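Each chain, letter by letter, is given below.
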Amino acid sequence: MADQDTPMEANPEDWVRIVSNDGYSFLVKRKVANMSGTMKSSLDTSSGFSEAETKTYHAQDHRGLIVQKLLEYQAFKAYYSSVGPKEEIPVNELMERIPPEIVLELLLAADYQEM
């Protein structure tokens, strides 16, 4: 029987919830959320944070559109992190989906999220 005090290893295929400050909620795989250093630390099962227990990260400083674009980038980064050096990564495809009017806010959010 497993000891109740021992934290369980987090499965990268687990789903976690990311909630923006305006109430939008996104479900992503832990592998994708772990592309952000801040989210990874908060959701780490050995950290003792409430986010780790509830599998919910509250992005209190970011509105829904910014969180959505951050998660799009994290999914892009997770998907292409294992490609070989000779494969072309379609960066322009990702950049075309970012409206110019949110670029500065998105850059600040990405810096805060340690991406």
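Everything in this summary refers to the structure shown in the same document. Because the structure is a prediction, the values reported are computed rather than measured.

What counts as what
- Residues numbered from 1 in each chain as written.
- Predicted model: local features only at pLDDT ≥ 70, side-chain atom pairs only at ≥ 80, totals over all residues.
- Heavy atoms only, no water.
- Core = buried A, V, L, I, M, F, W, Y, C linked by side-chain atoms within 4.5 Å.
- Buried < 20%, exposed > 50% of the residue type's maximum accessible area, 1.4 Å probe, protein only.
- Helix = DSSP H or I, 4+ residues; strand = E, 2+ residues; numbered from the N terminus.
- Contact = heavy atoms within 4.5 Å.
- Phe/Tyr/Trp six-rings, centres within 6.5 Å; stacked < 30°, edge-to-face > 60°.

With that settled, consider the nonpolar core. With 13 residues, the main nonpolar core has Ile-18, Val-28, Ala-33, Met-39 and Leu-71 as its most contacted residues. The element that contributes the greatest number of residues to this core is helix H4 (residues 64–80), accounting for 3 residues. When neighbours within four sequence positions are excluded, Leu-71 is seen to be in contact with Ile-18, Phe-26, Val-28, Val-32 and Met-39. Ile-66, Leu-70, Ile-102 and Ala-109 belong to the second largest nonpolar core, which has 6 residues in total.

This part takes up the packing of aromatic side chains. Evaluation of the coordinates by the stated rule reveals 2 aromatic pairs. Residues Phe-76 and Tyr-80 carry aromatic rings whose centres are separated by 4.8 Å and whose planes lie at 50° to one another, so their mutual orientation is tilted. Of this pair, Phe-76 and Tyr-80 both sit in helix H4, separated by 4 residues, roughly a single helical turn. Of the residues examined, Phe-76 reaches a relative accessible area of 14% and is grouped as buried. Here Tyr-79 and Tyr-80 contribute two aromatic rings whose centre-to-centre distance is 4.8 Å and whose plane-to-plane angle is 85°, an arrangement assigned as edge-to-face. We classify Tyr-80 as partly exposed; its relative accessible area is 22%.

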